[in-house]
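Coordinate analysis (summary)
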Amino acid sequence: MQNNADNSGLMVAERRRHILATLERDGKVVAAELSRSFGVSEDTIRRDLREMANEGLLQRVHGGGLPLARVNPSFPARERQQPRVKEELARAAATLIKRGQVVFIDSGTTNVAVARHLPRDLEATIATNSPPVAIALSEHPRVEVVLLGGRVRKDPLAAADAVTIAAVRQIRADLCYLGVCTLDPTFGITTVDLDESYVKRAMVEASAEVVALATADKLGTASPYVVAPLSELTWLFTERGVSKEALAPYRAAGVTVTQDIETEPAKDTDDEAALRK
């Protein structure tokens, strides 16, 4: 890494530390703003951001950078992350389903919790690409379960291939509970897996309303594969500890935001601690 000083007298390494500090404070960095702040060209800033992305320090996006999306651990490990938060978000979001509706429930540990929290007397048809969601729905006697076919990917425990997409396109749903990896006002709904992005996009296109349940760490982040713009999202359920300023762009885009629980500091599980090493 070069350590030449820029016009403000900062060395390259120091400038990049300032960029990371801005990213942590604001949740994003904009190349044009950094260029003016440091008195260097936008080409210099873009080179900084490109090299920082290569080092795994941020997610490079058009015009700037976003916090790096956390690497997804295994499904059992994700189940042990923030269980109380997920349960409360799921409990609130499960109330959206009405009698007689046709609903997609996408894969994901929070969506499994949604399935568990549905009323026992609910009459609805639920299509899912997630075997764990289908198993959870077996306890609901009046719910008709449609398990979407295709190759099951072992890490997300979800079907995600051309067969899955074809099955999704045969259904017109009233509601879709979308499994969300990363969500940002500018870059919309994104995910870390290309095959999953196609399945999620098909679910969005086939649904009248789309619901996302997102813990605070998923907001303001982006992944490589685009699912849909933010305008396709109808509801966002997240933690009460997320600031009004952070949620303002989502509300401005027409998303109905519900904050259901207060974020409480908690000790990392062994799996979460391992991710940070």
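Being a predicted model, the structure only gives us computed values, none of them experimental.

1. A few points about helix α3 (residues 42-54)
Look at α3: 18 Å from first C-alpha to last across 13 residues, which is about the 18 Å you get at 1.5 Å a residue. For α3, the elements touching its buried residues are α1 (12-26), β1 (29-30), α2 (31-38), β2 (59-61) and β3 (64-66). Looking one or two residues beyond α3, the residue adopting positive phi is Gly 56, at roughly 75°.

2. Brief notes about the packing of α1 against α3
At a minimum axis separation of 11 Å, α1 and α3 run at an interaxial angle of 75°. Classed by the angle they form, the pair α1 and α3 counts as roughly perpendicular. For the pair α1 and α3, contact is made by Val 12, Arg 15, Arg 16, Ile 19 and Leu 20 and by Thr 44, Ile 45, Arg 47, Asp 48, Leu 49, Glu 51 and Met 52, respectively. Classifying every residue of the contact of α1 with α3 gives six nonpolar, one polar and five charged.

3. Some points on the nonpolar core
Counting residues in each nonpolar core, the largest one holds 32 residues, and the members touching the most others are Phe 104, Leu 183, Leu 219, Leu 233, Leu 236 and Tyr 250. At four residues, helix α9 (residues 194-205) tops the list of elements feeding residues into this core. Those residues in contact with Leu 183 that lie beyond four places of it in its chain are Gly 188, Ile 189, Lys 218, Leu 219, Gly 220, Thr 221, Leu 230, Leu 233, Leu 236 and Tyr 250. Leu 118, Leu 175, Tyr 177 and Val 211 belong to the second largest nonpolar core, which has 27 residues in total.

4. Structural notes on the packing of aromatic side chains
Taken as a whole and assessed by the stated rule, the structure comprises one aromatic pair. Aromatic side chains Trp 235 and Phe 237 sit 6.4 Å apart centroid to centroid with 20° between the ring planes, which places their arrangement in the stacked category. Among the residues examined, Trp 235 registers a relative accessible area of 22% and is labelled partly exposed.

5. Quick notes on the sheet that holds strand β10 (residues 182-184)
One open sheet accounts for three strands, arranged β10-β11-β13; its pairing is antiparallel. A single partner strand is all that each edge strand has here, and the edge strands are β10 and β13 (225-228). Looking at each pair of strands side by side, their axes are set apart by 35° on average, direction ignored. Bridging between strand β11 (residues 188-191) and β13 involves three bridges; their strand directions are antiparallel. Along β13, the bridge assignment pairs Ile 189 with Ala 228. Taken strand by strand, α9 contacts β11 and β13, and its axis lies near 10° from that of β13.

6. Thoughts on the packing of α2 against α3
Interaxial distance between α2 and α3 falls to 9 Å at its minimum, and their mutual angle equals 115°. Judged by the sense of rotation from one axis to the other, the crossing of α2 with α3 is right-handed. From α2, Ala 31, Ala 32, Leu 34, Ser 35 and Phe 38 reach across to α3, where they touch Glu 42, Ile 45 and Leu 49. Class assignment for the residues of the contact of α2 with α3 results in six nonpolar, one polar and one charged.

7. Remarks on the environment of Ser 207
With respect to the helices and strands, Ser 207 occurs in strand β12 (residues 207-213). It is 9.7 Å that separates the C-alpha atoms of Ser 207 and Tyr 177, two residues lying 30 residues apart in sequence. Contact partners of Ser 207, with chain neighbours within four places excluded, come to Phe 104, Ala 173, Leu 175 and Cys 176.

8. Regarding the sheet that holds β12
As summarised here, the arrangement of the seven strands in space is β6-β5-β4-β9-β12-β14-β15, forming an open sheet in which the pairing is parallel. Across the chains shown, the open sheet's two edge strands, defined by having one partner strand only, are β6 (143-147) and β15 (256-259). For this sheet the average axis-to-axis angle between neighbouring strands, irrespective of direction, equals 20°. Relative to strand β9 (residues 173-178), strand β4 (residues 102-105) is paired through three bridges, and the arrangement is parallel. Looking at the pairing, Phe 104 lines up with Cys 176 of β9. On the sheet, α9 packs against β4, β9 and β12 and is oriented at approximately 130° with respect to β12.

9. Focus on a nonpolar patch on the surface
A cluster of nonpolar residues, Leu 194, Tyr 198 and Tyr 225, forms a patch on the protein surface that exposes about 250 Å² of accessible area. Within the secondary structure, Leu 194 is located in helix α9. What makes Leu 194 partly exposed here is its relative accessible area of 36%.

What counts and how
Residues numbered from 1 in each chain as written. Predicted model: local features only at pLDDT ≥ 70, side-chain atom pairs only at ≥ 80, totals over all residues. Heavy atoms only, no water. Helix = DSSP H or I, 4+ residues; strand = E, 2+ residues; numbered from the N terminus. Expected span 1.5 Å × (residues − 1). Contact = heavy atoms within 4.5 Å. Axes fitted to C-alpha atoms, helices over the stretch in contact; angles between N-to-C directions. Parallel < 35°, antiparallel > 145°, perpendicular 65-115°, else oblique. Nonpolar A, V, L, I, M, F, W, Y, C, P; charged D, E, K, R; others polar. Core = buried A, V, L, I, M, F, W, Y, C linked by side-chain atoms within 4.5 Å. Buried < 20%, exposed > 50% of the residue type's maximum accessible area, 1.4 Å probe, protein only. Phe/Tyr/Trp six-rings, centres within 6.5 Å; stacked < 30°, edge-to-face > 60°. Pairing = 2+ DSSP bridges. Left-handed = near helix turned anticlockwise from the far one by under 90°. Patch = residues over 30% accessible without salt bridge, like charges linked within 9 Å, V, L, I, M, F, W, Y side chains within 5 Å. Areas by Shrake-Rupley, 256 points an atom, 1.4 Å probe, with all protein chains shown as cover. Salt bridge = Lys/Arg side-chain N within 4 Å of Asp/Glu carboxyl O.

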